[in-house]
Amino acid sequence: MKRSIYIEFLIGYIIFAIVSVVMIQTLGVYLVNKRITKNEAHYLYTGVSAVASDFYHYIYNQRGNEEGFSEYLESAKAYLNCELFVINSSEDKTVVASTSTTTFLMSIPDFDQEYFGNQYYKVGNLYGTLDDGSLIVYYPVVHNYNVAYYCIGYTDAGYVKSIVASVISYIYLICGVLYGISFIILLIFHFRIYIPLKRVTAVTKEYAKGNYEYVSDRKLPKGNEMETLSTSVRFMGEKFKSMEDDEKKFIANVSHDFRSPLTSIHGYIEAMRDGTIPPENYDKYFGIVITEADRLKKLTENLLVLNTSGGNKKLDLREFDLNEVLRNTLLSFEVQCEKKNILLDVIYGQKTYVVCADKLKIQQVLYNLVDNAIKFSHNDSTITIKTYSKGEKIFTSIKDTGIGISKESINKIWNRFYKSDTSRGKDKTGTGLGLSIVKEIITNHGENINCISTEGVGSEFIFSLARGKTDDSHDPIVEAMISEN
């Protein structure tokens, strides 16, 4: 079973605490002891060197005796907080002055400077004469270029250990405070990060099962990344739910749009076969069957277009004259315009506008938008089509004075199979895919398309295309307007 990130974090916290204690007990004690020993040795050495200087002055300048110097050593002991004694350099190495009765007149024949190596201090027992672990410092008294005496200062082992223990206790105190603070941080992590993260994880698991309506039973923290993550996950769930609803609606719409013409075709052919429709009416109903078959064909073709244009499909980008493509496209609507007595008012900002795009797909965009404008325009009305430039973009506007689009539907018109008339009464021949195809194509070009519409007044669709490198029409909008009727 996999451990949670919280358990791993907790185990890491405990291991860190144990390792810290062990490190303080071993390496920490060693380093502190070494540092304090060196500092104390330096302090003693400074004092012992001063005592050696005074001893030299007392013996050789004042002609005092060695035993009389012990009184001076007593005062120095109180100041330096250590024991002091002086050894002569004779063969028996006798202690001639001391602050301790146990060392006074003691002989240390093995005493030698080499005992200290290349340092001025050592931790030891000075050939068994002192307690183990004593800190010992020496300073030679030189007379006539020869070492005549050695001044020795020492502290017992307990003194240095007490200082080390005191420092270590402070370190433990600081560590305890830090561990307390870190434990508070752990609690904050638990309640502000781990618990919310656990809830977000539960939400994602429910989403993975398809339960997009699942929400966490508790509120998440406000104003931090967890809230952002939670909001993002919930937004994702809403999107998934919306996609699921769209998928169901998509299937329902496809089924409806395929079933309606198939039902008509099947019904009319069945009626012809059983004689319900007399032979003299065959031409009329064959025409209806062909119309319904064409509708099925158009629906299938549009679905294929959506499948090939979705995502980042490769575009055949090349430079061409947008005005020329628009003129050729409008020729296809001559019959439709005559039936409804609709006038196409075309305004070109320049004679030519060179754009860089996929020519066939842009032609399809223009066809779908003009087809929609004619379909939803009233008889005896005018559709205004305009091309113009702005910066490095070429814009195309197609504006009708038809039925318009409601505010509730304006953001849904790009959805596949969406029709603003849910009863499908106004547009029985449409597939609800035209604007979806337009949106896919323009988006794949990295451009934008917008719709401005007022219900009962009309609609205007505006889309942009990138200006071609060979285009030199940088004049203002409608600088040289040419109108085609």
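Keep in mind that this is a model prediction, so the values were computed, not measured.

Enquirer: How do you make sense of the confidence of the model for the protein when you look at a structure like this?
Expert: A residue-level look at the protein finds 84% of positions with pLDDT of 70 or above and a mean pLDDT of 81. Averaged pLDDT values for the elements of the protein fall to 40 in strand β13 (residues 482-484) and rise to 95 in strand β10 (residues 393-399). The low-confidence segment residues 422-428 (pLDDT under 50) makes 12 contacts with residues lying over four places distant or belonging to another chain. In this model, residues 475-485 is a region of pLDDT below 50 whose contacts with residues beyond four sequence positions or in other chains number 28 contacts.

Enquirer: Just to check I follow, could you spell out helix α1 (residues 5-61) for this structure?
Expert: For an α-helix, the turn length of 3.6 residues means that residues three or four places apart are oriented alike. Across its 57 residues, α1 extends 79 Å between first and last C-alpha, which sits within 8% of the 84 Å expected from 1.5 Å per residue. Residue I24 marks the point of greatest curvature in α1, where the axis turns by about 40 degrees. Immediately downstream of α1, the backbone of R63 shows phi near 60 degrees, a positive value.

Enquirer: Looking at this structure, how should I read the packing of helix α6 (residues 322-330) against helix α8 (residues 359-375)?
Expert: Describing two packed helices takes the angle between their axes plus the distance from one axis to the other. Relative orientation of the contacting elements α6 and α8 amounts to 50 degrees, with a least axis distance of 10 Å. As far as their axial angle goes, α8 and α6 are oblique. Judged by the twist between their axes, the crossing of α6 over α8 is right-handed. The segment α6 lies against α8, with L322, V325, L326, T329 and L330 engaging K359, I362, Q363, L366, Y367 and V370. Looking at the contact of α6 with α8, its residues break down into eight nonpolar, two polar and one charged.

Enquirer: Please explain a nonpolar patch on the surface as it appears in this structure.
Expert: Together, I7, I11, I15, V19, M23, L27, Y30 and L31 give the surface a local cluster of nonpolar side chains, amounting to about 700 Å² of exposed area. By secondary structure assignment, the location of L27 is in helix α1. Given a relative accessible area of 40%, L27 falls into the partly exposed group.

Enquirer: Just checking my understanding: could you explain the packing of aromatic side chains for this structure?
Expert: Any aromatic ring pair is given by two values, namely how distant the centres are and how the planes are angled relative to each other. A full pass over the atoms with the stated rule returns 20 aromatic pairs. Here the aromatic cluster, defined as three or more aromatic residues joined through ring pairs, consists of F111, Y115, F116, Y127, Y138 and Y150. When the ring centre of Y348 is taken as reference, the NZ or CZ atom of R327 above it lies at 5.3 Å.

Enquirer: How should the sheet that holds strand β4 (residues 134-143) be read in this particular structure?
Expert: Backbone hydrogen bonds hold the strands of a sheet together, and the pairing may be parallel or antiparallel. Ordered by their spatial adjacency, five strands build an open sheet running β2-β1-β5-β4-β3, and the pairing between neighbours is antiparallel. Single-partner strands in this sheet number two, and they are β2 (95-98) and β3 (121-124). When strand polarity is set aside, the average angle formed by the axes of neighbouring strands in this sheet is 25 degrees. Strands in contact with α1 are β1 (83-88), β3, β4 and β5 (146-155); relative to β4, the strand with the most contacts, it is inclined by about 30 degrees.

Definitions and cut-offs
Residues numbered from 1 in each chain as written. Predicted model: local features only at pLDDT ≥ 70, side-chain atom pairs only at ≥ 80, totals over all residues. Heavy atoms only, no water. pLDDT = per-residue confidence, 0-100. Helix = DSSP H or I, 4+ residues; strand = E, 2+ residues; numbered from the N terminus. Contact = heavy atoms within 4.5 Å. Expected span 1.5 Å × (residues − 1). Bend = angle between axes of the 7 residues up to and from the residue. Axes fitted to C-alpha atoms, helices over the stretch in contact; angles between N-to-C directions. Parallel < 35°, antiparallel > 145°, perpendicular 65-115°, else oblique. Left-handed = near helix turned anticlockwise from the far one by under 90°. Nonpolar A, V, L, I, M, F, W, Y, C, P; charged D, E, K, R; others polar. Patch = residues over 30% accessible without salt bridge, like charges linked within 9 Å, V, L, I, M, F, W, Y side chains within 5 Å. Areas by Shrake-Rupley, 256 points an atom, 1.4 Å probe, with all protein chains shown as cover. Salt bridge = Lys/Arg side-chain N within 4 Å of Asp/Glu carboxyl O. Buried < 20%, exposed > 50% of the residue type's maximum accessible area, 1.4 Å probe, protein only. Phe/Tyr/Trp six-rings, centres within 6.5 Å; stacked < 30°, edge-to-face > 60°. Lys NZ or Arg CZ within 6 Å of the ring centre and 35° of its normal. Pairing = 2+ DSSP bridges.

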